[in-house]
Amino acid sequence: MRTSVLLSLAAGLAAALSLTSAARPGEDKKVLDVGDTIPAETMLRDVDGKEHRFGDLRGKIVVLDFWSISCPVSVAYEERFKAFHADLQKMENVVLLAIDANATEVDLEAEDPYARIKAYRKKAEVRFPVLVDLDNVLADRLGAQTTPHVYVLDKEGVIRYQGSFDDEAKPEKVTKQYARDAVDALRRGEKPPVERTKAFGCSIKRKKSA
Amino acid sequence: MSGASGPRSPRDPRESAAGRRERAPRGRALAVALALAAGACGGSAPSAPPPAPRPVELLDAAALRARVEGSAAEVVVLNFWATWCIPCLEEMPGLVAVSRELAGDGVELLAVCMDIAYDDGVLTPEGISAFAHRRGIDLPLAAFTDGTGAAVAEFDVGALPHTSVYSRGRLVGDREGQITPDELRALIRTARGG
C-alpha cells in the first residue's frame, strides 16, 4: 500500500517532469515508471551481437524480462517464460526480450564475454533473444531491482505494466498471470488490469556493486 | 566487496542446486565431527567450541505473523535470506554480532530462509540447518513454507535480503538490500522509541 502510494506519487512527478524537461541534461537519469516511454534511441545488443533499438520496436507489444543464468528464482521461471514466448510467437507483433544486467554473468576478459550465457541458453533451450545490459543503462532507467522483473510496453513504447511475471514462484500455486493479462489487455486495446506489482527474486548484480 | 562473497558463489544454477543436495549430508557429518572434536579437545581449543547446528522452524505466513506477535521479546527482527543470495551471506556476520549483543535485552532476531518458498526440492530444513552451521549463521532459523506471493503480500519482501523490525508485533521499519550492523542498531533503537 505504502509502496503503491509512493509509486503513484513518483509517477505523477515523473509525468509532470517529462512535460517540462524532456531535453534537459539530467533527464536521462530519471527512473521511468508506468505511463513513461522508453526513449527510441535506447539500444542494447543481444549475446549474438544483434542490435535491438527500442525505436525499431514501435508497433509491437514488447515484454522485457530482467533475467539471470545464476539466480534460482529466475531459473525457476524459465519454463514459464519459454511457454510464454512460444505463445507470443503465435501472435502478431508481440515480442519477448530477456535482459541480462548482471555484471557477474559476463566476462569481458574472455574471448567470448557471453560464453556462459550462451551455454546456459543452449542447455535450457531458451529461444528468446537475450540482450546484455552491460552498463545497466536500461536497468537503471527502469529502476529494475530483481530477476525476474517484467515490463510490458505498448506499441508506442509506453510502459504499461511492471513487476512480477505472475503472483507465485511455485508454478502450481500461481493464481494471477500479470504479464499474460497485460499483453492480452493491450492486444484488445485495453489498459492492463494490474499495472504494478512487487517482483520477488535475486537483486540484480549491477556493474558498480560487482 | 567481491572478495567477501565466499568461495562458492554458484556459477551454474543446476550445478549449485545439485551441489547443495550433495553437500547437505556432508555438512551434517562435518557438524558431528566438529562436535566430537570440540568435546575431545575440551579446554585446549584455542577459541570457544563452534555452536551446534540450529533447528529450523517451518513457518507459513500466518505462523510467522503469529510468531512475531507472540514473541516475548519487545523487538523482533526478521531477516529474509536465501542460501544462494550472496549479499545475504555477506551481511550475516553483522547480524550475528547484533543478535549476540542484544540477546537477553528484549531483542529477538530470526533468520527466515526463503529457499523453500520458490522450490520445495532444493533444500530440506536439515539442509538449511547444515548450511547455516557451515557458514557460521548462528541465529535462530526459520524456513518460510508459503510461496513467494505470500512473502511479497504479507511481508513486502522483494529483492533479498530484506530486514523488517517489529515492536510488539507492529512493523516499525524495514530495509531492502544489505543492512549494516549500525543501521540495524538504529532501527532497533527507533523500535524501542528512542
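Source: prediction; values computed, not measured.

A. Spotlight on the overall build of chain A. Summing up its helical and strand segments, chain A has six helices and nine strands in all. Out of the 210 residues in chain A, the part that is buried amounts to 51%. Partitioning the contacts of chain A with sequence separation of at least 6, the portion at a separation of at least 24 is 71%. Per element, the accessible surface of chain A, about 10,100 Å² overall, is 54% carbon and sulfur.

B. Spotlight on the sheet that holds strand 8 (residues 159-163) of chain A. Residue and element names in this part refer to chain A. Reading across the sheet, the seven strands line up as 2-1-5-4-3-7-8 and stay open at both edges, with mixed pairing between neighbours. The open sheet terminates on both sides in strands that have one partner only, identified here as strand 2 (51-53) and strand 8. Within this sheet the neighbouring strands show an average axis-to-axis angle of 30 degrees, counted without direction. Bridge count between strand 1 (residues 43-46) and strand 5 (residues 130-132): two bridges; the pairing is antiparallel.

C. Quick peek at helix 3 (residues 78-89) of chain A. Residue and element names in this part refer to chain A. Relative to the 16 Å expected for 12 residues at 1.5 Å per residue, helix 3 spans 16 Å between its end C-alpha atoms, a close match to the ideal helical length. When we look at burial in helix 3, the residues that qualify are Glu 78, Arg 80, Phe 81, Lys 82, Phe 84, His 85 and Leu 88. Against strand 3 (61-66), helix 2 (72-76), strand 4 (94-100), helix 4 (115-124), strand 7 (149-153) and helix 6 (178-187) lie the buried residues of helix 3.

D. Here's a closer look at the pattern of salt bridges. Evaluation of the coordinates by the stated rule reveals 25 salt bridges over all chains. For Asp166(A), the salt bridge identified is with Arg80(A), shortest N-O distance 2.9 Å. Of this pair, Asp166(A) sits in the loop between strand 8 and helix 6 while Arg80(A) sits in helix 3, and the two are 86 residues apart along the sequence. As far as burial versus exposure is concerned, Asp166(A) and Arg80(A) are alike and both buried. With a shortest N-O distance of 3.4 Å, Asp156(B) and Lys198(A) are connected by a salt bridge. Separated into two different chains, Asp156(B) in the loop between helix 6 (148-155) and strand 5 (159-160) and Lys198(A) in the loop between helix 6 and strand 9 (201-203) make up a pair that spans both. In this structure Lys198(A) comes out as partly exposed when scored by relative accessible area, which is 24%. Through salt bridges that share partners, Asp87(A), Lys90(A) and Arg180(A) make up one connected network.

E. Quick peek at the interface of chain A and chain B. Contact with chain A, which involves 28 residues of that partner, is made by 29 residues of chain B. Interface area lost by chain A to chain B is led by Lys170(A), Lys198(A) and Phe200(A), which between them contribute 31%. Between chain A and chain B we count three salt bridges in total. A salt bridge links Lys173(A) to Asp146(B); the shortest N-O distance between them is 4.0 Å.

F. Geometry of the packing of aromatic side chains. Residues and elements named next belong to chain A. For the structure shown, the criterion picks out 12 aromatic pairs over all chains. Following the ring pairs from residue to residue traces out a cluster consisting of Tyr 77, Phe 81, Phe 84 and Phe 165. In this structure, Arg 80 is placed above the aromatic ring of Tyr 77, and the distance from its NZ or CZ to the ring centre is 3.9 Å.

G. Seen up close, unusual backbone geometry. Along the chain, Thr147(A) connects to Pro148(A) via a cis peptide bond; the corresponding omega equals -5 degrees. In this structure, Pro148(A) sits in the loop between strand 6 (146-147) and strand 7. Between Leu160(B) and Pro161(B) the backbone carries a cis peptide bond, its omega angle lying at 0 degrees. The residue Pro161(B) is located in the loop between strand 5 and strand 6 (162-167) in this model. Of note in the backbone geometry, Asn93(A) takes a positive phi value of approximately 60 degrees without being a glycine. In this structure, Asn93(A) sits in the loop between helix 3 and strand 4. Despite not being glycine, Asp156(B) shows a phi value in the positive range, around 60 degrees.

Procedures and definitions
- Residues numbered from 1 in each chain as written.
- Chains lettered and ligands numbered in written order.
- Predicted model: local features only at pLDDT ≥ 70, side-chain atom pairs only at ≥ 80, totals over all residues.
- Heavy atoms only, no water.
- Helix = DSSP H or I, 4+ residues; strand = E, 2+ residues; numbered from the N terminus.
- Buried < 20%, exposed > 50% of the residue type's maximum accessible area, 1.4 Å probe, protein only.
- Contact = heavy atoms within 4.5 Å.
- Areas by Shrake-Rupley, 256 points an atom, 1.4 Å probe, with all protein chains shown as cover.
- Pairing = 2+ DSSP bridges.
- Axes fitted to C-alpha atoms, helices over the stretch in contact; angles between N-to-C directions.
- Expected span 1.5 Å × (residues − 1).
- Salt bridge = Lys/Arg side-chain N within 4 Å of Asp/Glu carboxyl O.
- Buried area = accessible area lost by both parts, 1.4 Å probe.
- Phe/Tyr/Trp six-rings, centres within 6.5 Å; stacked < 30°, edge-to-face > 60°.
- Lys NZ or Arg CZ within 6 Å of the ring centre and 35° of its normal.

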